[in-house]
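# Structural description and commentary
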Amino acid sequence: MSKVSRRKFLAGLVAVPAVMLVSRTAHAEHYPAMLCGSCGFGSKKDNCARCGKWTGSTKIPARLCGDHGFGSKKDNCCVCGKWIGSTKQRAFIGNCCGFGSKKDNCVVCGKWAP
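What counts and what doesn't
Residues numbered from 1 in each chain as written. Predicted model: local features only at pLDDT ≥ 70, side-chain atom pairs only at ≥ 80, totals over all residues. Heavy atoms only, no water. Salt bridge = Lys/Arg side-chain N within 4 Å of Asp/Glu carboxyl O. Helix = DSSP H or I, 4+ residues; strand = E, 2+ residues; numbered from the N terminus. Buried < 20%, exposed > 50% of the residue type's maximum accessible area, 1.4 Å probe, protein only. Phe/Tyr/Trp six-rings, centres within 6.5 Å; stacked < 30°, edge-to-face > 60°. Lys NZ or Arg CZ within 6 Å of the ring centre and 35° of its normal. Core = buried A, V, L, I, M, F, W, Y, C linked by side-chain atoms within 4.5 Å. Contact = heavy atoms within 4.5 Å. Disulfide = S-S within 2.5 Å. 1 Å grid on protein atoms, 1.4 Å probe; cavity = no way out; pocket = protein on both sides within 12 Å on 5 of 7 lines; lining within 4 Å. Points joined across faces, edges and corners; volume = space filled by probe spheres on them. Nonpolar A, V, L, I, M, F, W, Y, C, P; charged D, E, K, R; others polar. Patch = residues over 30% accessible without salt bridge, like charges linked within 9 Å, V, L, I, M, F, W, Y side chains within 5 Å. Areas by Shrake-Rupley, 256 points an atom, 1.4 Å probe, with all protein chains shown as cover.

In this section: the pattern of salt bridges. Tallied over the entire structure, the rule returns three salt bridges. Close ionic contact of Asp67 with Lys111 constitutes a salt bridge, the shortest N to O distance being 2.3 Å. With Asp67 in helix α3 (residues 66-69) and Lys111 in the segment after α4 (95-98), the pair connects residues that are 44 residues apart, well separated along the chain. For Lys111, a relative accessible area of 42% corresponds to the partly exposed category.

Rendered as structure tokens:
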């Protein structure tokens with residue numbers, strides 16, 4: 001009886017077209033962070049959604065992870081947690097909280113939001 005190595009088994013498995021139709025690639029999503037009417041009114045919309053400092057010309061769109069952006073939680077303000085209603089004001093983070101790979105983190109909890 002001949003033993004098949006794992007590498008040869010996987011190479012043969014990919015050669016079968018029906019297997020490739022069944023398997024799907026997994027991908028992660030991020031959700032845009034929004035502000036409510038009171039947090040996004042006037043000059044407050046120019047503040048960083050994480051620390052509250054003025055963003056200046058560096059406006060990086062804030063993201064939500066799957067825990068905070070899925071379902072009805074995506075309709076909550078990322079700063080205060082209130083329902084945003086009909087105001088669809090996007091939240092931004094400044095260079096202080098979004099430099100480098102920190103721009104890919106959730107604005108609420110800090111987890112990676114790809």
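Inspection of the entire model under this criterion finds zero aromatic pairs. Seen from the ring of Phe92, Lys59 lies directly overhead, with NZ or CZ sitting 5.6 Å from the centre.

What follows deals with the nonpolar core. With 21 residues, the main nonpolar core has Ala33, Leu64, Cys78, Ala91, Ile93 and Val107 as its most contacted residues. If near-sequence neighbours (up to four positions away) are discounted, Ala33 is found in contact with Ala62, Arg63, Leu64, Cys78, Gln89, Arg90, Ala91 and Val107.

This part covers the state of the cysteines. All told, the structure shown has zero disulfides when counted by the stated rule. Cysteine Cys39 is unpaired, with the sulfur of Cys36 as its nearest cysteine sulfur at 3.7 Å. Under the relative-accessibility criterion, Cys39 is labelled buried at 16%. The thiol of Cys96 is not disulfide-bonded; the next cysteine sulfur, from Cys51, is found 3.4 Å away. Among the residues examined, Cys96 registers a relative accessible area of 37% and is labelled partly exposed.

This part covers the environment of Ile60. Inspection of the secondary structure puts Ile60 in strand β3 (residues 60-61). For the pair Ile60 and Cys97, spaced 37 residues apart in sequence, the C-alpha to C-alpha distance is 9.4 Å. In contact with Ile60, not counting residues within four places along its chain, are Ala91, Phe92, Ile93, Gly94, Gly98 and Lys103.

The next thing to look at is empty space enclosed by the protein. A complete count under the given rule lists one cavity of 30 Å³ or more for this structure. What the largest cavity holds in volume is close to 30 Å³. Residue lining of the largest cavity: Arg50, Ile93, Cys97, Lys102, Asn105, Cys106 and Val107, and that is the complete set. Split by residue class, the lining of the largest cavity holds four nonpolar, one polar and two charged.

This part covers a nonpolar patch on the surface. Taken together, the side chains of Val4, Phe9 and Leu10 define a hydrophobic patch exposed on the protein surface, amounting to about 300 Å² of accessible area. On the secondary structure map, Val4 appears in the segment before α1 (6-15).

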